[in-house]
Amino acid sequence: MSTDYSRELEFALRAVAHASELCCSVNGKISPDVLEKRDKSPVTIADFGSQALVSRILEEAFPDDPIIGEEDATELKQPGQMNFLNAIHAEMVALGLNPSSEQIFHWIDRCSQKEYCDRFWTLDPIDGTKGFLRKGQYAISLALIVNGEVTVAAVGCPNLGSKVEDAPDSMQGEVFSAVRGQGATTRSLVSLRNPEAIKVSTRTSTSEMVFCESVESGHSSHSDSAQVAERLEISANPVRLDSQAKYCVVARGEADIYLRLPTRPGYQEKIWDHAGGVLVVEEAGGTVTDVAGKPLDFRQGSELSNNRGVVVSNGACHDQIIEALKAVGVS
């Protein structure tokens, strides 16, 4: 284990890029009517395949590190899932691998850790499934948590170009990365070379700021966000996109605020939905808390059970956002 986490970052970048290649291959085969048919099979193939590839690379480099992830192979092992297993295997063969079914199951099941420990990885193999299906924004997010702190992050955004509206036809997107105390960078997913430092925006007047929020209102309360925007005198329309790409857009200064507001009582955010993006924003100079202004607590296993919602900003107006949330009854 390297003391500066350079080795961890190297393998995290490699794992995310490899998984992105598989996801792009699956994404390119999605038919236009997949959403109309409510056909989630492309997501299933990419989700399991991405997880297996990341797990494989982490096992090779850090065999003692557990992984907290969303999926296990229980469903995939059922006899009726053979078509999915075959499709995952075919995607891996296209990448130069030829694993057995048992190897695929093993790699996926390595991500079934649920309890907190001093050092572990957390993975979202496809964050933003609706975005993936509509060929919009999605992310492969990987983070290393050490003693409760997110320490290394790699967030691959295959469809996020140099601007939000850029949507490459193939894997021409970017991977955003960070190591605690070392700043945040972005680089091409294809080459993983020539990292460029990124910083949050320098805007200080809330009336000039841009909101960033989920496309799906079920993921975050759009009505509460609109009330907050009104109180902060924000006039620009919100930028809506799926996945942790929202964190990345704030980190590189294209948006200033991202709100993930509670939509129902008792819902707990999952750590894999946030860990990677949190570190990228913080190392780019931004601030991330829950809706009450508390830091996110990554010591509670797979859930952020000591927090409610997530507030991301460039840091200049964070206290004002928290006060606006309280004023509209979100706390």
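Before reading on, note that the structure itself is shown above.
Residues numbered from 1 in each chain as written. Predicted model: local features only at pLDDT ≥ 70, side-chain atom pairs only at ≥ 80, totals over all residues. Heavy atoms only, no water.

Novice: How do you make sense of the layout of surface pockets when you look at a structure like this?
Specialist: Summary: where empty space remains is shown by rolling a probe the size of a single water molecule over the atoms. In this structure, the second largest pocket encloses a volume near 150 Å³. Taken together, G148, E149, V150, R180, V278, E282, V288, P295, L296 and F298 make up the full set of residues lining the second largest pocket. Of all elements in the fold, only strand 4 (149–157) and helix 8 (275–283) reach the threshold of two or more residues within the lining of the second largest pocket. Residues that form the lining of the second largest pocket fall into these classes: six nonpolar, one polar and three charged. (1 Å grid on protein atoms, 1.4 Å probe; cavity = no way out; pocket = protein on both sides within 12 Å on 5 of 7 lines; lining within 4 Å. Points joined across faces, edges and corners; volume = space filled by probe spheres on them. Helix = DSSP H or I, 4+ residues; strand = E, 2+ residues; numbered from the N terminus. Nonpolar A, V, L, I, M, F, W, Y, C, P; charged D, E, K, R; others polar.)

Novice: When you look at the environment of L85 in this model, what are you seeing that I'm missing?
Specialist: Among the secondary structure elements, L85 is positioned in helix 3 (residues 82–94). Given the relative accessible area of 5%, L85 is considered buried. In sequence terms L85 and S177 are 92 residues apart; their C-alpha atoms lie 31 Å from each other. Those residues in contact with L85, other than ones at most four positions away along the chain, are L76, S101, I104 and F105. (Buried < 20%, exposed > 50% of the residue type's maximum accessible area, 1.4 Å probe, protein only. Contact = heavy atoms within 4.5 Å.)

Novice: Sorry if this is basic, but what is going on with the sheet that holds strand 11 (residues 287–289) here?
Specialist: Sheet strands pair by backbone hydrogen bonding; their relative direction is either parallel or antiparallel. The mixed open sheet is built from five strands, whose spatial order is 9-8-10-12-11. The open sheet terminates on both sides in strands that have one partner only, identified here as strand 9 (239–240) and strand 11. Of the pairings in the sheet, the one linking strand 8 (residues 211–213) to strand 10 (residues 257–260) comprises two bridges and is parallel in character. By the bridge assignment for strand 10, F211 is matched with I257. Its contacts with the sheet place helix 8 against strand 11 and strand 12 (310–313), and it is angled at close to 140 degrees to strand 11. The sheet contacts of helix 9 (residues 318–327) involve strand 10, strand 11 and strand 12, and relative to strand 12 the element is tilted by about 145 degrees. (Pairing = 2+ DSSP bridges. Axes fitted to C-alpha atoms, helices over the stretch in contact; angles between N-to-C directions.)

Novice: Just to check I follow, could you spell out empty space enclosed by the protein for this structure?
Specialist: Using the criterion set out here, one finds one cavity of 30 Å³ or more in the structure. Within the lining of the largest cavity, the residues separate by chemical class into two nonpolar, one polar and three charged.

Novice: I'm lost on the packing of helix 2 (residues 41–61) against helix 3 in this one. Help?
Specialist: Angle between the axes and distance between the axes are the two parameters that describe a pair of packed helices. It is the contact of helix 2 with helix 3, at a shortest axis distance of 9 Å, that shows an interaxial angle of 55 degrees. The orientation of helix 2 with respect to helix 3, classified from their angle, is oblique. As helix 2 packs across helix 3, the resulting crossing turns out to be right-handed. Of the residues in helix 3, those touching helix 2 at S41, T44, I45, F48, G49, A52 and L53 are F84, A87, I88, E91 and M92. For the contact of helix 2 with helix 3, the class distribution of residues is eight nonpolar, three polar and one charged. (Parallel < 35°, antiparallel > 145°, perpendicular 65-115°, else oblique. Left-handed = near helix turned anticlockwise from the far one by under 90°.)

Novice: Looking at this model, I keep getting lost on the packing of aromatic side chains. Mind explaining?
Specialist: Each aromatic ring pair is specified by the distance between its two centres and by the angle formed by the two planes. Counted under the stated rule, the structure contains five aromatic pairs. Taking the centre distance of 5.9 Å and the plane angle of 80 degrees together, the rings of F11 and F62 count as edge-to-face. Of this pair, F11 sits in helix 1 (residues 6–27) while F62 is found in the loop between helix 2 and strand 1 (67–69), placing the two residues 51 residues apart along the sequence. When its relative accessible area of 9% is taken as the criterion, F11 is described as buried. Ring geometry for Y116 versus F120: centroids 6.1 Å apart, planes at 85 degrees, classification edge-to-face. We classify F120 as buried; its relative accessible area is 0%. One aromatic cluster is present, built from ring pairs that chain together F11, F62 and W121. (Phe/Tyr/Trp six-rings, centres within 6.5 Å; stacked < 30°, edge-to-face > 60°.)

Novice: I keep staring at the sheet that holds strand 6 (residues 184–188) and nothing clicks. Help me out?
Specialist: Judged by pairing direction, the sheet is mixed, and its seven strands sit side by side in the order 1-2-3-4-5-6-7 without closing on themselves. Only two strands of the sheet have a single partner each, and these edge strands are strand 1 and strand 7 (196–197). In this structure, strand 5 (residues 174–179) lies alongside strand 6, joined through five bridges in antiparallel fashion. Each bridged residue has a counterpart across the sheet, and for V175 the counterpart in strand 6 is R187. Of the strands in this sheet, strand 2 (119–127), strand 3 (139–146), strand 4, strand 5 and strand 6 touch helix 1, which is tilted by about 30 degrees from strand 4. Lying over the sheet, helix 8 contacts strand 2, strand 3, strand 4, strand 5 and strand 6, oriented at roughly 100 degrees with respect to strand 4.

Everything listed here is a matter of geometry and, on its own, says nothing about what the molecule does.
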